[in-house]
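Residues per chain are reported as follows:
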Amino acid sequence: MIISVVYLLVRCLLGCLTVLSRGQASKDAELLVLRHENAVLRRQAGRVRYEPGDRLWLAALSRLVPRRWWGEVFAVTPATLLAWHRRLVTRKWDYASRRGPGRPSTAAAVRKLVIRIATENPAWGHRRVQGELVRLGHPIAASTVWQILHGAGIGPAPRRTGPTWRQFLTAQARGILAVDFVHVDTVLLRRVYALIVIEHGARRAHLAGITANPDGAWTTQAARNLMMDLGQRAATVKFLIRDRAGQFTSSFDTVFTAEGIRILASPPQAPRANAICER
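Parameters and conventions
Residues numbered from 1 in each chain as written. Predicted model: local features only at pLDDT ≥ 70, side-chain atom pairs only at ≥ 80, totals over all residues. Heavy atoms only, no water. Buried < 20%, exposed > 50% of the residue type's maximum accessible area, 1.4 Å probe, protein only. Helix = DSSP H or I, 4+ residues; strand = E, 2+ residues; numbered from the N terminus. Pairing = 2+ DSSP bridges. Axes fitted to C-alpha atoms, helices over the stretch in contact; angles between N-to-C directions. Salt bridge = Lys/Arg side-chain N within 4 Å of Asp/Glu carboxyl O.

**Structural notes on the pairing of strand β1 (residues 176-185)**
The buried fraction of β1 amounts to 7 of the 10 residues, a majority that puts the element mostly inside the structure. Taken together, the 3 bridges between β1 and strand β4 (residues 239-242) define a ladder with parallel strand orientation. For Leu177, the partnering residue across the bridge sits in β4 and is Leu240. Pairing analysis gives 9 bridges linking β1 to strand β2 (residues 191-199), with the strands arranged antiparallel.

Encoded structure:
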């Protein structure tokens, strides 16, 4: 691929030098001929497949052609150029080939046993079912039991007293903040990070800062700026949900704990624990 791109660039460079040495009338005539040939080929040819060198050359020339002439000169649209860029970003950050086989699935016999125990004991929750399975010699996680019961349409055990989970979240939403990083890849495939904070109660999102190198010091300063922006509303915040990324240092937590806010760190590799901010 690299050899073909270098060859194409050298060839185009020599062609440009040849064109610069010619007269203006000859250039205009050649452009008219090429436009007409382009229109004829569009009527006859099917779908055109571009090589990586062709895509690079078209992307480089796209900045030199006015947008109003694109329909006559270019065979691709601006959306196609953006799609090519997205493919480059996806290919760069694709770790599918390095990913391991993952955790083996739960045996069918254990799944049937989980459903049977939950059906025969409707007052047992998924943790009680998990404890009984461990006693029977089936080591299984409580989260796996919950997923099996949820997939089978079996809801949680009924509460004797207290509010439901929906009522609890609704009552606590006004005092919850969630924070997380998002990233954007530039045209040159450079990754830029943005720190996003969202209020659960109002679903109001705050952009705490943007940087290419997020570290502990930068994140701590962004947290101070956020507390200044919240002003009096910071007194109503009771909890802050964050993941276990290395940018969230102890000094970052200190900014919030000094205001009486409790830090809730989500479990490793558990995006559901911070689902609102992740979405």
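**Focus: the sheet that holds β2**
Note on sheets: strands pair through backbone hydrogen bonds, and any given pair is parallel or antiparallel. Spatial ordering of the open sheet is given by β3-β2-β1-β4-β5, a layout of 5 strands whose pairing is mixed. Where the open sheet ends on each side, the last strands, each with one partner, are β3 (205-211) and β5 (262-265). Neighbour-to-neighbour, the strand axes of this sheet turn through a mean angle of 25°, independent of strand direction. Pairing of β2 with β3 involves 6 bridges; the strand directions are antiparallel. Looking at β3, one finds that Ile198 is bridged to Ala205.

**With respect to the pattern of salt bridges**
Opposite charge on two side chains permits them to pair, given that their charged atoms come into close proximity. Tallying each qualifying case throughout the model produces 7 salt bridges. For Glu199, the salt bridge goes to Arg233, with nearest N and O atoms at 3.1 Å. Within this pair, whereas Glu199 is found in strand β2, its partner Arg233 is found in the loop between α10 (216-230) and β4, the two being separated by 34 residues in sequence. Residue Glu199 is classed as buried on the basis of its relative accessible area, which comes to 12%. Salt-bridge contacts for Arg242 lead to Asp253; the nearest nitrogen and oxygen are separated by 2.8 Å. Of the two residues, Arg242 sits in strand β4 while Asp253 sits in helix α11 (residues 250-257), which places them 11 residues apart along the sequence. As far as the burial class goes, Arg242 and Asp253 line up, both buried. Overlapping salt bridges bring together Arg128, Glu132 and Arg135 as one network.

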